[in-house]
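One letter stands for each residue in the lines below.
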Amino acid sequence: MNLYKAFASASALLDYARGNSVLQPSYISAGPKRVRRSLCELGESFAHGWNEMKEGKFANAIMVYAATIGEFHPLKPVIDNYLERWPETPVVILSGQAQYIEAIFAAYPKAAIGIPPPVAPWLYDRLFKLTSPRVLVLGEGPCLHLHFPIPLSLALPAACLRHSTPMVVVNATRHRLEVGSKLVRLEDRLFGSMHKMAMRFWYVPNEIFGQWLLEAGIPQDRIVITGDLRFDG
């Protein structure tokens with residue numbers, strides 16, 4: 001874990017020097033391709049709920065991650081069921097693209113909502129210390145490392161391992177391998193196994209999806225068939 005923290009720290013500094021990729025599509029041809037995101041201010045990543053989070057009002061939260069609004073839909077019945085059973089539980093929602101934050105806020109106005117911070121481990125340690133998440137629930141896509149068009153940084157699974165937070169994925173859907181750069185390939189070779197290590201269960205829509213995960217080396221006792229949460233709730 002210390003080796004990963006050193007690698008991620010160096011990656012964060014490199015990303016800051018050259019600029020991070022913009023976390024939403026640009027419809028302006030001359031729009032910026034990269035931006036510099038603070039490596040000190042965690043609050044910069046949150047559009048809603050940051051002040052309350054600093055005050056400790058989001059402790060023992062349920063944390064969810066959705067790459068896009070499509071992956072957010074199967075998370076709604078999970079969040080709603082959780083809140084029905086434990087109504088006082090705070091909710092922290094991370095969106096893979098900034099353009100969906102306001103739509104998610106309209107659905108859950110009491111939640112803390114933002115985008116994943118830069119990969120700096122100290123930012124994730126602060127996030128997890130402030131929220132003490134009971135669980136991190138991923139929506140659909142990033143059920144395997146680098147098998148989704150919008151990549152999920154290893155910073156989240158690594159934080160789950162450091163803070164003993166269970167990670168699960170609902171409506172797990174396997175996509176093809178997407179490797180963005182040589183640095184990403186190196187990170188996957190050295191640390192990609194952390195994604196599987198952090199994942200407690202893969203909840204899949206049907207047996208076909210479960211078979212795809214078995215073929216990818218996921219243990220059968222950690223694959224649970226639930227039905228399609230996007231359509232069946």
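In short, a report on the structure. Along each chain, residue indices are assigned from 1 in the same order as the chain's sequence is written. Given that the model is predicted, a residue must reach a pLDDT of at least 70 before its local features are reported, and side-chain atom pairs must reach 80 or more before they are shown or counted; all residues, however, enter totals for whole chains, interfaces and linings. Where side-chain values are given, they derive from all heavy atoms of the structure, hydrogens and water being excluded.

Some details on the pairing of strand β9 (residues 199-204)
To be explicit about the condition: Any two strands with at least two DSSP bridges between them are considered paired. The secondary structure listing takes helices from DSSP runs of H or I that are at least 4 residues long and strands from runs of E that are at least 2 residues long, numbered from the N terminus. The handedness rule is simple: strands pointing away from the viewer, and a clockwise path from the first strand over the helix to the second, make the crossover right-handed.
With 3 bridges connecting them, strand β8 (residues 167-170) and β9 associate as parallel partners. Its bridge partner being in β9, Val169 is matched across the sheet by Trp202. Bridge count between β9 and strand β10 (residues 223-225): 3 bridges; the pairing is parallel. Bridge pairing links Val204 to Ile225 in β10. In terms of handedness, the path from β9 via helix α10 (residues 207-215) over to β10 forms a crossover that is right-handed.

Considering the sheet that holds strand β6 (residues 112-114)
To keep it simple, the criterion reads: Comment: axis = line fitted to C-alpha atoms, over the contacting stretch for helices; angle = value between 0 and 180 degrees taken between N-to-C directions.
Across the sheet, which stays open at both edges, the 8 strands sit in the order β3-β6-β5-β4-β7-β8-β9-β10 with mixed pairing between neighbours. Two strands bound the open sheet, and with one partner strand each, they are β3 (46-48) and β10. Looking at each pair of strands side by side, their axes are set apart by 20 degrees on average, direction ignored. In terms of strand pairing, strand β5 (residues 91-95) meets β6 through 3 bridges, oriented parallel.

Re a nonpolar patch on the surface
Heads up, the condition is: Any residue with relative accessible area above 30% and no salt bridge may belong to a patch, with like charges joined within 9 Å and the nonpolar Val, Leu, Ile, Met, Phe, Trp and Tyr side chains within 5 Å. Per-residue accessibility takes into account occlusion by the displayed protein chains alone, with areas from the Shrake-Rupley method and a 1.4 Å probe. Here, a salt bridge means any Lys or Arg side-chain nitrogen found within 4 Å of an Asp or Glu carboxyl oxygen. Burial here depends on accessible area, computed with a 1.4 Å probe over protein chains only, as a share of the maximum for the residue type. Under 20% is buried, over 50% is exposed, and the range in between is partly exposed.
Nonpolar side chains collect at one region of the surface, where Leu14, Leu183, Leu186 and Leu190 lie side by side and expose about 320 Å² of accessible area between them. Ranked by residue count, the leading element in the nonpolar patch is helix α8 (residues 182-191), at 3 residues. Its place among the elements puts Leu14 in helix α1 (residues 2-18). Given the relative accessible area of 41%, Leu14 is considered partly exposed.

A word on the packing of α1 against helix α6 (residues 121-131)
To keep things clear, this is the line we draw: Angle categories are assigned with fixed cut-offs, so that under 35 degrees is roughly parallel, over 145 is roughly antiparallel, 65 to 115 is roughly perpendicular, and the rest are oblique. By definition in these notes, contact holds between two residues if any of their heavy atoms fall within 4.5 Å. Residues are grouped as follows: nonpolar covers Ala, Val, Leu, Ile, Met, Phe, Trp, Tyr, Cys and Pro; charged covers Asp, Glu, Lys and Arg; every other residue, Gly included, is treated as polar.
In the contact formed by α1 and α6, the axes pass within 8 Å of each other and the chain directions differ by 110 degrees. Classified by the angle between their axes, α1 and α6 sit roughly perpendicular to one another. On α6, the residues touching Lys5, Ala8 and Ser9 of α1 are Pro121, Trp122 and Asp125. In terms of residue class, the contact of α1 with α6 is made up of 3 nonpolar, 1 polar and 2 charged.

Considering the pairing of strand β4 (residues 62-66)
For β4, the buried fraction is high: 5 of the 5 residues fall into the buried class. On β4, burial covers both faces: Ile62, Val64 and Ala66 on one face and Met63 and Tyr65 on the other are all buried. With 5 bridges joining them, β4 and β5 adopt parallel strand pairing. Pairing of Val64 across the sheet is with Ile93, part of β5. As judged from the 4 bridges shared by β4 and strand β7 (residues 135-139), these two strands associate in the parallel manner. When the sheet's bridge partners are listed, Met63 is paired in β7 with Leu136.

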